[in-house]
Amino acid sequence: MDSARALSDARPTPFWLEDPGRPEALSALVGDVKCDLLVVGGGYSGLWTALIAKERDPSLDVVLVEGNEVGWAASGRNGGFCAASLTHGFGNGLQRWPTELAQLERLGAANLDGIEATLKRYGIDAEWERTGEIDVATQPHQVEELHEIAEAVSRYGLDITVLDADALRAEVDSPTFLGGLWDKEGVAMVHPAKLAWGLKDACLGQGVRIFEYTRALDLREYGSGMAVRTPYGRVFARRVALGTNVFPSLVKRVRPYVVPVYDYALMTEPLNAEQLAAIGWRGRQGLGDSANKFHYFRLSADNRILWGGYDAVYHYGGRVRNEYDQRPETFRTLAHNFFRCFPQLEGLRFTHAWGGAIDTCSRFSAFFDTAHRGRVAYATGYTGLGVGATRFGAEVMLDLLDGARTERTSLEMVRSKPLPFPPEPVRWAGIEITTRSLDYADRHGGRRNLWLRTLDRLGLGFDS
Ligand SMILES: Cc1cc2nc3c(=O)[nH]c(=O)nc-3n(C[C@H](O)[C@H](O)[C@H](O)COP(=O)(O)OP(=O)(O)OC[C@H]3O[C@@H](n4cnc5c(N)ncnc54)[C@H](O)[C@@H]3O)c2cc1C
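Note that this is a predicted model, so its numbers are computed, not measured.

A closer look at the pairing of strand β1 (residues 31–40)
Move 1: Pairing of β1 with strand β11 (residues 233–242) involves nine bridges; the strand directions are parallel. The partner of Leu37 across the bridge, within β11, is Arg239.
Move 2: Pairing between β1 and strand β2 (residues 62–65): four bridges, direction parallel. Opposite Val39, over in β2, you have Leu64 as the bridge partner.
Move 3: Handedness of the crossover is the feature at issue here: the chain leaves β1, passes through helix α1 (residues 44–56), returns alongside β2, and the resulting connection is right-handed.

Here you go:
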């Protein structure tokens, strides 16, 4: 079958957000309120900040405002790979913070355990499955790279299983698989929207006041705290935490550090027993291939396959627009690549196709700071690996607002920032050359051209 035809009934909306368990939106803020802590943004970043703030001090009066509905953005439409890594993967961490990587890995593992414990504590059913993730090589040079990573990982005392082609295909069968690295502990699969909605419930249960369809329009100092204007009211807060991800930061100087990059995903119909038997996948691991333009794929609780990634699209001017969430040419490419990976599933159909914006920064992992004399904190730049790391970012924001020197705030990773992106049109041109160079490398045995090698030397890059 023409792979595009498998898309003909795909609904242009994130599978996860169509769930019948989607909660009703809460009312918008009307009038003025006062609080100790205002959290702006109702994705994981804001929800974790509000929840952990209440856990640290139940007497704190916490308000959260969300411009749309809780979990509608990246947090409700992602792949649901919840990783321990705080550094957008081990390789990126090794390149940037080799001396503190062991510490970062330890903190990341504790963070992932903390997420699991929170789900248990509040009875959140987010279809959590601690399956681990397999990085898959589909080209010979990637097999070598995986072995190099395995060796580096073992030097840090981390446990990773190397799979040759046969062992990998015994786990998940694709004729394109040449080998893999299985991180059994460091990644869990989750239903992303149920995680966001569950955190929302937990926040409400702890007394957080949440207002949806309440965009924070501006931020200014007021007495010893901050005042935030919303369409129908104002919030006067002693402290403010910004979990606004890829959307224009209320602290303007943060904006040049983040660009919106669109990432896309398909969801298939549920596989029947025969189709499942044809691919194996009894361990239900998350999978990702090792190309620069990579795919990520996993099973849902009802045995659909989510298949995403590959194209990472930047639009001139760095705009975030709802219409960018649909990109038929990318959906066709994804569908084509899906059937190349799993030819035994010929005839399977896609039920959903969607996209969303990722907050890419030039070092691929989040950065943090305060503004307005320590009254406002922000965390952004998670670059496509924020499902787990946003909880760590929430802790950092709260530490910073407390003015506390903690293990987290002492980290070089937390104290430093990425390089900002240049203004347009240089930004667009630079990203375009980088994207093309990465594509070229994927097609030519991983060979990085002069442009990529220069960026590597400068510690700069573009990823999703
Ligand atoms: C298609 C896709 C796939 C992904 N896959 C994965 C994955 O498998 N694993 C992984 O780790 N990461 C993945 N990510 C990234 C991950 O989803 C994000 O890193 C994470 O959800 C970020 O959470 P957040 O709360 O910072 O941002 P968001 O979920 O974007 O939340 C920010 C919220 O702030 C609100 N907001 C913004 N400005 C204002 C304002 N002025 N006033 C009020 N509200 C405001 C927005 O409306 C939004 O709801 C993926 C992302 C996408 C788009």
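What to know about the side chain of His88
Move 1: As for its position among the elements, His88 is in the loop between β3 (81–83) and α3 (90–96).
Move 2: In terms of polar contacts, His88 uses its side chain to reach the backbone carbonyl oxygen of Thr383, at 2.7 Å.
Move 3: With residues near it in sequence (within four places) discarded, His88 still touches Phe364, Ser365, Tyr382, Thr383, Gly384, Leu385, Asp463 and Ser464.

Some thoughts on the sheet that holds strand β5 (residues 161–164)
Within a sheet, neighbouring strands are paired by backbone hydrogen bonds and run either parallel or antiparallel to one another.
Move 1: What the eight strands build is an open sheet, ordered β5-β6-β4-β13-β14-β15-β12-β16; its pairing is mixed. Every other strand in the sheet has two partners, leaving β5 and β16 (350–360) as the edge strands with one partner each. The sheet shows a mean angle of 20° between the axes of neighbouring strands, taken without regard to direction.
Move 2: Sheet topology places strand β12 (residues 259–268) next to strand β15 (residues 305–309); three bridges connect them, and they run antiparallel. Counted as the bridge partner of Ala265 is Gly308 from β15.
Move 3: In the packing of helix α5 (residues 140–155) onto the sheet, contacts are made with β4 (133–137), β5 and β6 (179–183), and the angle to β4 comes to roughly 140°.
Move 4: The sheet strands contacting helix α9 (residues 328–341) are β12, β14 (295–299), β15 and β16, and the helix crosses β12 at an angle near 50°.

Some remarks on the packing of α1 against helix α7 (residues 192–205)
Move 1: For the pair α1 and α7, interaxial distance at closest approach is 9 Å and the crossing angle is 30°. Relative to α7, the element α1 lies roughly parallel. Helix-helix and strand crossings are classified by hand; for α1 and α7 the assignment is left-handed. When α1 is examined against α7, the residues Tyr44, Leu47, Trp48, Ala50 and Leu51 are found in contact with a partner set consisting of Pro192, Leu195, Ala196, Leu199, Lys200, Ala202 and Cys203.
Move 2: Looking at the contact of α1 with α7, its residues break down into 11 nonpolar, no polar and one charged.

Notes on the site of the ligand
Move 1: Surrounding the ligand, one finds 36 residues, the nearest of these being Glu66, Trp72, Ser75, Phe81 and Ala216.
Move 2: Asn78 is positioned such that a nitrogen or oxygen atom in its side chain is 3.3 Å from an oxygen atom of the ligand.
Move 3: One nitrogen or oxygen atom from the main chain of Gly386 is found 3.1 Å from an oxygen atom belonging to the ligand.
Move 4: Relative to its free-state accessible area of 1000 Å², the ligand is covered by the protein chains to the extent of 97%.
Move 5: Of all elements in the fold, only α1, α2 (74–77) and β16 reach the threshold of two or more residues within the shell around the ligand.
Move 6: Split by residue class, the shell around the ligand holds 15 nonpolar, 17 polar and four charged.

A look at the nonpolar core
Move 1: Among the nonpolar cores identified, the biggest contains 55 residues, and Leu37, Phe368 and Phe392 are the most heavily contacted of them.
Move 2: If sequence neighbours within four positions are ignored, Leu37 has contacts with Ala53, Leu60, Asp61, Val62, Val63, Arg239, Val240, Ala241, Leu398 and Leu401.
Move 3: Core analysis: the second largest hydrophobic core is formed by 37 residues, Leu276, Val313, Phe331 and Cys341 among them.

Digging into the environment of Ile160
Move 1: For Ile160, the location among the structural elements is in the loop between α5 and β5.
Move 2: Considered as a pair, Ile160 and Ile149 are 11 residues apart in the sequence and their alpha carbons are 9.6 Å apart.
Move 3: In this structure Ile160 touches Val153, Leu181, Trp182 and Asp183, once residues within four positions along its chain are discounted.

Examining the pattern of salt bridges
Move 1: Following the criterion strictly, the structure yields 35 salt bridges and no others.
Move 2: The residue Asp9 makes a salt bridge to Arg349 at a minimum N-O spacing of 3.2 Å. Of this pair, Asp9 sits in the segment before β1 while Arg349 sits in the loop between α9 and β16, placing them 340 residues apart in sequence.
Move 3: Given a relative accessible area of 24%, Arg349 falls into the partly exposed group.
Move 4: Notably, a salt bridge pairs Arg415 with Glu412, separated by 3.7 Å at the nearest N-O pair. Within this pair, Arg415 and its partner Glu412 are both found in helix α11 (residues 412–415), separated by three residues, close to a single helical turn.

Conventions and cut-offs
- Residues numbered from 1 in each chain as written.
- Predicted model: local features only at pLDDT ≥ 70, side-chain atom pairs only at ≥ 80, totals over all residues.
- Heavy atoms only, no water.
- Pairing = 2+ DSSP bridges.
- Helix = DSSP H or I, 4+ residues; strand = E, 2+ residues; numbered from the N terminus.
- Right-handed = clockwise from strand over helix to strand, strands pointing away.
- Polar contact = N/O pair within 3.5 Å; in protein donor to acceptor, adjacent residues only side chain to side chain.
- Contact = heavy atoms within 4.5 Å.
- Axes fitted to C-alpha atoms, helices over the stretch in contact; angles between N-to-C directions.
- Parallel < 35°, antiparallel > 145°, perpendicular 65-115°, else oblique.
- Left-handed = near helix turned anticlockwise from the far one by under 90°.
- Nonpolar A, V, L, I, M, F, W, Y, C, P; charged D, E, K, R; others polar.
- Near = heavy atom within 4 Å.
- Areas by Shrake-Rupley, 256 points an atom, 1.4 Å probe, with all protein chains shown as cover.
- Core = buried A, V, L, I, M, F, W, Y, C linked by side-chain atoms within 4.5 Å.
- Buried < 20%, exposed > 50% of the residue type's maximum accessible area, 1.4 Å probe, protein only.
- Salt bridge = Lys/Arg side-chain N within 4 Å of Asp/Glu carboxyl O.

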